[in-house]
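In case you want the letters, here they are:
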Number of protein chains: 2
Amino acid sequence: MKDLLAQFNKAFESKARLNIMSVLMVNDSMSFNAFKELLGLTDGNLATHLRALEESGYVSVQKQFIGRKPNTTYSTTDTGRQAFADHLNALEEFIRNM
Amino acid sequence: MKDLLAQFNKAFESKARLNIMSVLMVNDSMSFNAFKELLGLTDGNLATHLRALEESGYVSVQKQFIGRKPNTTYSTTDTGRQAFADHLNALEEFIRNM
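Residues numbered from 1 in each chain as written. Chains lettered and ligands numbered in written order. Predicted model: local features only at pLDDT ≥ 70, side-chain atom pairs only at ≥ 80, totals over all residues. Heavy atoms only, no water.

Caption draft 1: Representation of the pattern of salt bridges. All names here are of chain A. For the structure shown, the criterion picks out eight salt bridges over all chains. Lys-10 is paired through a salt bridge with Glu-13; the nearest N and O atoms lie 3.0 Å apart. Between Arg-81 and Asp-78 there is a salt bridge; the shortest N-O distance is 2.4 Å. Here Arg-81 and its partner Asp-78 are both found in helix α4 (residues 78–96), three residues apart, which amounts to about one turn of the helix. In this structure Arg-81 comes out as partly exposed when scored by relative accessible area, which is 33%. (Salt bridge = Lys/Arg side-chain N within 4 Å of Asp/Glu carboxyl O. Helix = DSSP H or I, 4+ residues; strand = E, 2+ residues; numbered from the N terminus. Buried < 20%, exposed > 50% of the residue type's maximum accessible area, 1.4 Å probe, protein only.)

Encoded structure:
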């Protein structure tokens, strides 16, 4: 079988991760709380997906304080943007061949 | 956030299930062993994905004997074909909006 999904990236398999990456493609950075509100995910669920993307090297984390409050924001890395673009291309090719 | 992935179907989230469904969209039926060879999955992994698709009502199972050998084949259901088409449309819309 010609593997149309050869470039399918399991790091982006879930709906949550597709959404997280799409948000970060159009926003330079996004805070944990803004993500939570936007995507309607629980803390635990969101943290798990963000950590997985961070461990893949696709998302970077910035921890800082605003006054005395910790504020964690997330951005895509160059590698992450390229990997996500490759993944979308693989999906597009797959759909076109159906 | 406008949910572009509202029609995203978690039953088709994995690469394996996308491949299984795409094979069944163009073949009336496929045997377990042919699937295994085609997709390069282990028995356990393939069986798990097929069972999940069966439990969703997207794939039906036919068990018969060829001579004395049991032969299990799989087909899509009408519901499965529609759900898969909806899923691909949701992905296509998502990609187009990136």
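Caption draft 2: Fine view of the pairing of strand β3 (residues 69–76) of chain A. All names here are of chain A. Along β3, six of the eight residues are buried, which leaves the element largely enclosed by surrounding structure. Pairing of strand β1 (residues 30–31) with β3, which is carried by two bridges, proceeds in the antiparallel orientation. In the strand pairing of β3, Ser-31 is matched with Thr-73. Bridge analysis of strand β2 (residues 59–66) against β3 gives eight bridges, and the strand direction is antiparallel. Following the sheet pairing, Lys-63 is matched in β3 by Thr-72. In this structure, the hairpin formed by β2 and β3 is closed by a connection of two residues, where Gly-67 is found at a positive phi of approximately 65 degrees. (Pairing = 2+ DSSP bridges.)

Caption draft 3: Up close: the sheet that holds strand β2 (residues 59–66) of chain B. Residue and element names in this part refer to chain B. Across the sheet, which stays open at both edges, the three strands sit in the order β1-β3-β2 with antiparallel pairing between neighbours. Edge positions in the open sheet fall to β1 (30–31) and β2, since each of these has one partner strand only. Relative to the sheet, helix α1 (residues 15–26) contacts β1, β2 and β3 (69–76), its axis offset from that of β3 by approximately 90 degrees. (Contact = heavy atoms within 4.5 Å. Axes fitted to C-alpha atoms, helices over the stretch in contact; angles between N-to-C directions.)

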